[in-house]
Amino acid sequence: MAASSETMLKKPHVGKKRKPPTRYWERTEEDGKNDGKKQKEGDNNEQTPQQNNTRTKKGGKRGGKRGGAGKKVISGKSDPFPGSAPVPEEKLKKFRRGVKGELPPRPQYKLRDVVIRSEAASDLAQKQNARYDLMLPEDAGFLEGDEDEDTCTISQDDIVDAVDITAGAKYFNLTLSQFGPYRLDYSKTGRHLLLGGRRGHVTCLDWQSKQLMCEMNVMETVNDVKWLHSEALFAVAQKKWLYIYDNKGIELHCIRKFNDVLRMQFLPYHFLLATASATGFLQYLDVSVGKEVVAICTKAGRLDVMAHNPHNAIIHLGHSNGTVTLWTPNQREPLVKMLCHQGGVRSVAVDKTGTYMVTSGMDKKLKVYDIRAYRPLQSYFLPAGASCLSLSQRGLLSAATGDIVQVYRDVWGIPVTKPYMAHRAKGSVWGVHFCPFEDVLGVGHGEGFTSMVVPGAGEPNFDGLDANPYRSAKQRQEWEVKALLEKIQPELIGLDPSQLSQVDHSTWEQRHEDRVQVLGFDPLAKEKFTPRLKTKGRSSSGKVEKRKKQVAHEDQRDVIRQTVEDRMKIDKERKEKEKKKAAAAGQKSALDRFRK
Amino acid sequence: MCLNNKLSEGDKINLSDLIGTLDKTPSALIKTKKQLKNLQHNQSTLETPLTRKETEKIQREVAFEKTSKEVSRWQSVVLQNQKAEQLVFPLNQEPSGPKRIEHVVAGWKAQTPLEQEIFSLLRMNKQPLHDPVLTPTEEASLRAMSLEEAKIRRAELQKTRVLQSYYEAKAKRGKKIKSKKYHRVQKKVMRKEYLKQFDEMVKTDPAAALEELKKMELSRMKERMSLKHQNSGKWAKSKAIMAKYDDGARKAMQKQLEVNKDLTQKLVIPADEDEEDEEESAETLPDFVNDVEPILDQVNPWMRGKLSTEPMMEESNRLDPPVWPREVGKPGEGQDEQEEDEEQMEETEEESLLRGFEERRKLRQTEDKAEILEISDYDEEAVEISDDDEEAGLSNFTSLFHGLVNHMEPPADQPKAGPGLRQGESPALLEEGLVRVRTLEDVELLSQDISTSDTALLTTQILGTEETDTQSATQQADKKRKKMIDPNEVLTKEAKVIEMPLAPTAVEDVEDKEEQRVIIKEAFAGDDVVSDFLKDKRKQEEAGRPKVIDLTLPGWGEWGGLGLQPSRSKRKRFRVKVAPPPPRQDQKLPNIIIAEKRDSSIAAHQVCQLPFPFEKPIQFERTIRSPVGRTWNTQNAVQKITAPKVVTQLGAIIEPIAREDLIKDNRQAVTGPSINLESDQGPQKKRRSQQKKQHKRKKN
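Residues numbered from 1 in each chain as written. Chains lettered and ligands numbered in written order. Predicted model: local features only at pLDDT ≥ 70, side-chain atom pairs only at ≥ 80, totals over all residues. Heavy atoms only, no water.

Q: Account for the overall build of chain A, naming residues and giving values.
A: Within chain A, the regular secondary structure consists of ten helices and 28 strands. Sorting the 596 residues of chain A into buried and exposed places 46% on the buried side. A total accessible area of about 32100 Å² is found for chain A, and carbon and sulfur atoms account for 53% of it. (Helix = DSSP H or I, 4+ residues; strand = E, 2+ residues; numbered from the N terminus. Buried < 20%, exposed > 50% of the residue type's maximum accessible area, 1.4 Å probe, protein only. Areas by Shrake-Rupley, 256 points an atom, 1.4 Å probe, with all protein chains shown as cover.)

Q: I'd like to hear about the overall build of chain B, residue by residue, with values.
A: Tallying secondary structure elements over chain B gives 31 helices and six strands in all. Of all intrachain contacts in chain B linking residues separated by at least 6 positions in sequence, the fraction that spans at least 24 positions is 72%. Per element, the accessible surface of chain B, about 49500 Å² overall, is 57% carbon and sulfur. (Contact = heavy atoms within 4.5 Å.)

Q: I'd like to hear about the pairing of strand β18 (residues 345–350) of chain A, residue by residue, with values.
A: Of all six residues making up β18(A), five are buried, and the element is well covered by its neighbours. Where β18(A) hands over to strand β19 (residues 356–361) of chain A, the hairpin turn is made up of five residues, of which G354(A) adopts a positive phi near 75 degrees. (Pairing = 2+ DSSP bridges.)

Q: Explain helix α7 (residues 113–124) of chain B to me, using residue names and the numbers behind them.
A: Residue and element names in this part refer to chain B. The end-to-end C-alpha distance of α7, which contains twelve residues, comes to 16 Å, matching closely the 16 Å that a straight helix rising 1.5 Å per residue would cover. With one of twelve residues buried, α7 lies mostly on the surface of the structure. Directly beyond the C-terminal end of α7, a positive phi value near 60 degrees is found at K126. (Expected span 1.5 Å × (residues − 1).)

Q: Tell me about the side chain of N223(A), and please be specific about residues and values.
A: All names here are of chain A. In this fold, N223 is placed in strand β6 (residues 222–227). In this structure the side chain of N223 is engaged in a polar contact, spanning 3.1 Å, whose partner is the side chain of R198. With near-sequence residues (within four places) excluded, N223 lies in contact with R183, R198, A237, Q238, V261, L262 and R263. (Polar contact = N/O pair within 3.5 Å; in protein donor to acceptor, adjacent residues only side chain to side chain.)

Q: Hey, could you go over the packing of aromatic side chains for me, with residue numbers and the actual values?
A: All names here are of chain A. Scanning all chains against the criterion turns up eleven aromatic pairs over all chains. Aromatic pair F172 and W207: ring centres 6.4 Å apart, planes at 25 degrees, arrangement stacked. Note that F172 is positioned in strand β1 (residues 172–175) and W207 in the loop between β4 (201–206) and β5 (211–217), a separation of 35 residues in sequence. We classify W207 as buried; its relative accessible area is 1%. When the ring of F437 is compared with that of F462, the centres are 6.2 Å apart and the planes differ by 75 degrees; the resulting orientation is edge-to-face. Taken together, the positions of F437 in the loop between β26 (429–434) and β27 (440–445) and F462 in the loop between β28 (448–453) and α8 (473–485) put the pair 25 residues apart, joining distant regions of the chain. Ring pairs connect the aromatic residues F172, Y186, W207 and F449, which therefore count as one cluster. A cation over a ring is seen here: K210 above F172, with NZ or CZ 4.4 Å from the ring centre. (Phe/Tyr/Trp six-rings, centres within 6.5 Å; stacked < 30°, edge-to-face > 60°. Lys NZ or Arg CZ within 6 Å of the ring centre and 35° of its normal.)

Q: Give me the lowdown on the pattern of salt bridges, citing residues and values where you can.
A: Considering all chains together, one arrives at 30 salt bridges over all chains under this definition. When the shortest N-O distance is used, the salt bridge between D206(A) and R191(A) registers 3.7 Å. Residue D206(A) is found in strand β4, and its partner R191(A) is found in the loop between β2 (182–186) and β3 (192–197); the two are separated by 15 residues along the sequence. Within the structure, one salt-bridge network assembled from shared partners comprises D504(A), D514(A) and R598(B). (Salt bridge = Lys/Arg side-chain N within 4 Å of Asp/Glu carboxyl O.)

Q: Describe in detail the environment of R575(B), supporting the description with residues and values.
A: Tracing the backbone through its elements, the reader meets R575(B) in strand β4 (residues 575–576). Separated by 24 residues in the primary sequence, R575(B) and L551(B) place their C-alpha atoms 6.0 Å from one another.

Q: Tell me about the side chain of T552(B), residues and numbers included.
A: Residue and element names in this part refer to chain B. Inspection of the secondary structure puts T552 in the loop between β3 (549–550) and α26 (568–574). Here D550 takes part through its side chain, which lies 3.0 Å from a polar atom of the side chain of T552. In this view, T552 contacts K570, R571 and F574; residues no more than four positions away in its chain are not counted.

Q: Give me the pairing of β6(A): which residues, what numbers.
A: Residue and element names in this part refer to chain A. Within β6, six of the six residues are buried, which leaves it mostly tucked inside the rest of the structure. The pairing of β6 with strand β7 (residues 233–238) spans five bridges and is antiparallel. Note on β7: the bridge partner recorded for D224 is A237. Once β6 ends, the chain turns through five residues before running back antiparallel as β7.

Q: Give me the sheet that holds strand β21 (residues 375–381) of chain A: which residues, what numbers.
A: Strand order across the open sheet formed by five strands is β18(A)-β19(A)-β20(A)-β21(A)-β2(B), with mixed pairing between neighbours. At either margin of the open sheet sits one strand with a lone partner, and together these are β18 of chain A together with β2 (496–497) of chain B. Two elements, β21(A) and β2(B), share two bridges in a ladder whose sense is parallel. Opposite F381(A), over in β2(B), you have V497(B) as the bridge partner.

Q: Tell me about a positive patch on the surface, and please be specific about residues and values.
A: Together, R532(A), K536(A), R538(A), K543(A) and K546(A) line one region of the surface with positive charge. One can find K546(A) in helix α10 (residues 541–585). (Patch = residues over 30% accessible without salt bridge, like charges linked within 9 Å, V, L, I, M, F, W, Y side chains within 5 Å. Lys, Arg positive; Asp, Glu negative; His and termini not counted. Charge placed at Lys NZ, Arg CZ, Asp CG, Glu CD.)

Q: Can you tell me about unusual backbone geometry, naming the residues and giving the values?
A: Note that the residue after G180(A), namely P181(A), is joined by a cis bond; omega there is -15 degrees. For P181(A), the location among the structural elements is in the loop between β1 and β2. The step from F89(B) to P90(B) runs through a cis peptide bond, and the omega angle for that step is -5 degrees. Along the polypeptide, P90(B) turns up in the loop between β1 (87–89) and α6 (101–106). The phi dihedral of D410(A) is positive, around 55 degrees, even though this residue is not glycine.

Q: Residues and numbers for the sheet that holds strand β10 (residues 261–267) of chain A, please.
A: All names here are of chain A. Spatial strand order, β10-β11-β12-β13: four strands in an open sheet with antiparallel pairing. Since the sheet does not close on itself, it has two edges, and those belong to β10 and β13 (291–297), each with one partner. Ignoring which end each strand starts from, the neighbouring axes of this sheet average 20 degrees apart. Sheet topology places strand β12 (residues 281–286) next to β13; six bridges connect them, and they run antiparallel. When the sheet's bridge partners are listed, D286 is paired in β13 with K291. (Axes fitted to C-alpha atoms, helices over the stretch in contact; angles between N-to-C directions.)

Q: Could you give an account of the nonpolar core, naming the residues involved and the relevant values?
A: Counting 34 residues, the largest nonpolar core has Y284(A), I315(A), M338(A) and M357(A) as the members making the most contacts within it. Membership of the second largest hydrophobic core comes to 24 residues, among which are C388(A), F434(A), M452(A) and V454(A). (Core = buried A, V, L, I, M, F, W, Y, C linked by side-chain atoms within 4.5 Å.)

Q: Describe the environment of F234(A), with residues and values.
A: Residues and elements named next belong to chain A. Along the chain, the position of F234 falls in strand β7. Take F234: its relative accessible area is 0%, and that puts it in the buried class. Sequence spacing of F234 and D246 is twelve residues, and the spatial spacing of their C-alpha atoms is 6.2 Å.

Q: If you had to explain the environment of T264(B) to someone new, which residues and values would you point to?
A: The topology assignment puts T264(B) in helix α13 (residues 247–264). For T264(B), a relative accessible area of 9% gives the class buried.

Q: I'd like a description of the confidence of the model for chain A, backed by residues and values.
A: All names here are of chain A. Considering every residue of chain A, the mean pLDDT works out to 85; 87% of them sit at 70 or more. Low pLDDT, under 50, characterises residues 1–17; the stretch is placed with 46 contacts to residues that sit more than four places away or in other chains. Note on residues 27–73: pLDDT under 50 across the span, and 29 contacts to partners over four residues away in sequence or across chains. (pLDDT = per-residue confidence, 0-100.)

Q: Break down the packing of helix α11 (residues 206–225) of chain B against α13(B) for me, with residues and values.
A: Residues and elements named next belong to chain B. Closest axis-to-axis distance for the α11/α13 pair is 9 Å, and the angle between their directions is 120 degrees. As the angle between them shows, α11 and α13 are arranged oblique. Considering the relative orientation of α11 and α13, their crossing is left-handed. Within the contact between the two elements, α11 uses R220, E223 and R224 and α13 uses D262, L263 and T264. Residues that form the contact of α11 with α13 fall into these classes: one nonpolar, one polar and four charged. (Parallel < 35°, antiparallel > 145°, perpendicular 65-115°, else oblique. Left-handed = near helix turned anticlockwise from the far one by under 90°. Nonpolar A, V, L, I, M, F, W, Y, C, P; charged D, E, K, R; others polar.)

Rendered as structure tokens:
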């Protein structure tokens, strides 16, 4: 798993941990203490039951059924800690979804039942999730320097000397000076690496075991490479078309609809490959069925800056006029257009939670935005500007300036003045990418590829059902089927991913408009009356007009008749109801004598 | 009869005997007589029987009542079953799985000598054997509470509840009172009481007092964070306006600021300012987007406004010497004093309020005039409607930007277009130069890099310089503008320089950084990114605004023809004004354009009609707020949440509910077990075992 746990300290400055990972046995002790306290409270309550009745009631409930049953059991001791173990409040908070509302009043008992039941279900789910959270004890550790030592001066060799062999093996260089500079991509599990050299060299390998899967030269310029949903397929944006290869290097598809692609992003839960082309088109390819979902002309020139928001699957494009635009496949115009830089935008990165966006521009500035509120948080001036940006799962930012890769920690919090780590690559950097679930930063440059060790970069706790770095082939196959079944349709992409769980407030007219737009015609529109052509002077314009009028008149009469009938019906019903009411009441009031 | 028989045993009975008895009891005779008379009087015949229809009707009614009564006995059971989360058919089955010892033991007797011995031992120790599981002492303790006691206890509880509700009602009423004075007095009383208590506590329980002190400190910190004592509140603003004329108001403001200062004292950190972009700023327009406002306190962005107040005050001292020095030198005045002062000043406050009203009225009048002018303009040149719109639609941002440009120039006495205005702008933009967004003082302040968030103080100075009412009105307008400017200041962030431990090797020639900077600046001098963006934004705003519909028909009711315009009144009458759209999402974000178009694609997947029991969307949304799937929940939770409504045992005969079940009135037995969502521990043993059984059967 994460190298953070392995980057143990031999030298004083490397891998000093803030706190040891919390283990479940420690947790339980604490819990036990808490429990004891609560128990005491409960005792107190029992001693003074008359003081606060409500509390004692609750206490009884907390005891649960087990406690209640304990009285009647003959054998065995009574449980000193009756009921289920309490769950810490903070943990519960972590798994809270939405807020509880008020219960509807008692008369609406059906609604009340439904609401109570759903609340109970969500409470149960929350509690259980919080309870099982102790299975994820790993925490990320960071480099810490001595008193007057900057962590950015610690070189990779120092780190490698200090850490164990497996962690040390994660720092390596691939010297590929012939076909560089290189772009790279890690697969979703972080196990496989894909390299694409500018001059046509494409290779993929299992970088941890250094096992080469395939290597080839496509004899064309390679603009970008991207893994698809699993390590079995990858896409290569070549000089003219987009190609898809399998991991043996066999060309599966050449997609002629996608031309001049410069950048690609893969949306793993939607199975969409989004491409940005030199002609200004943003295209989406559904890789599960192999169809183009939509092609949007952005009218913003050459698109060579692209990022995607992992939280809501929105594509961010950077433009030469300093703006960053946000796109979904559902709208032809950008959802949001942000003016970020004075000069052109050079690179964009969005963090895992979808909260922050980091941009760098030609004006040598590095800016951090809160993309929920679209407000700038921080602005930094980098002496040489950053050409590539990448954000790790734990929020480390890597920025490449020339041939130097810098890693920053917590750029959106307190303003940083110095990088967390820095490393000089052999050539000018062309692509940087953090490896998921590993403390590794991959750097593609003019002279090949460098894999850097960056403590604290990767998420130490992986979800085995989602992206399991240790999965077998069988597991991968099963995962693939499940993932396909759970595929999210492209229509659901929007700024707010929780929109689906909200009731559509739009009016009937709006919905009708949407329907008309989808169908291309109005299904409820009345057919316009065109008078039949009659001979012998009966189709003179006057006659035709008269006939039209007649028909219109007839229609109007129909409408009026209908409304009158409806009104009568309602009146009648009302009267009947009143009569019934009166009959039910039985008694005659003094005013009844005036009734007919 | 019996009596007679007894009598007859002795001797013969004569008629006289019988009659004699009658004589002895005259009342009975009278009764019978009466009855006979009545019969004679009642000459009427028996009623004819009802018709068949009628009798049938009555019979039906009776039968209906009877059966409905019968059926309604099932009502509760049916309802129960409808409500039940899960029904396991066949109902009433014995729970499978291990049974409790008590149940097993109940029908069992000790037979072997060993067993008998054990049981005798148990008996000796007064241990319960079976059904009554409790020991005698326990039972006694259970019995200890009598019915009367329980009743008394209940009464007590009722009383407490009622008292509680009274108290709540009272508190609610008190909360609703809007009188400020009332609350002020209330607060004062509370504070005094609290202090008294605290003093006592210091004597009696120093540890608790220390705790209290900590709490007070915490509340102080909270207050400090709340920015409550800055001059951005409603009260403070009103005071700021009146500060020029009113000593009391000035004093109050001063005190407020003092409080603020006191509260913020701790956090003042000497901020190092490395302004690297000095020479870049104040030359060309594009640069202000990035560097206008430095962050004085880089650690805490919230502190910016506060820290700036100090220099601001100095500034004001310098500018307005006769007014300010008097109040500045009054340190060490607590919060309590301030409140007392406030009470004293109420009179002056009233005056100030009155004045404020007057000013506002005047402002409104001037605005009305302006509107009238505009309307007349509109009528004169119907063709130029679009142009007018453009003028009106000059968004706040443009005015802001141009204002920023203008303030670089000497104050525009002559309405001359500043050089900052670009050629591409319409003439309407040029006219905008008349509106002065910032005064000289502001420019000075700006040059000293002070944030303009303290508009209140600024306006006091501005008001000081001006005499006439109209001018003050324009100033008010200015203030409005400034309010809209504020978000901009958020946008302009000072870039922080990052030190690089390693200098990048020159791939391109980066020897002379300055030179390169100049080159870049030159390269981007031409394409004005900001103005392009603003134009784009304005265009979008225009597109979103509904158009005024003109329904005037020339020639109706008057002469029409070439060169003839319909009359003004008519045009006015037939112009349909459309309600303005809701404010745009990006109204306050100058560097953002948010598309207002509805995304209808997701609407197809959303719920558009609430399902049955729900009445408000929020209720429904809350019930679907947490996911159900296995990706987000534990296995156990998923099983419980998605349990089926009806479970039938395979191959079991499901019989209708029998009458016996009803008589038993054991609802649990009828409805069967319910899913336990309360406890989150332990798997559902029952259901699992059932499922296992089902599996077995399937296999068989």
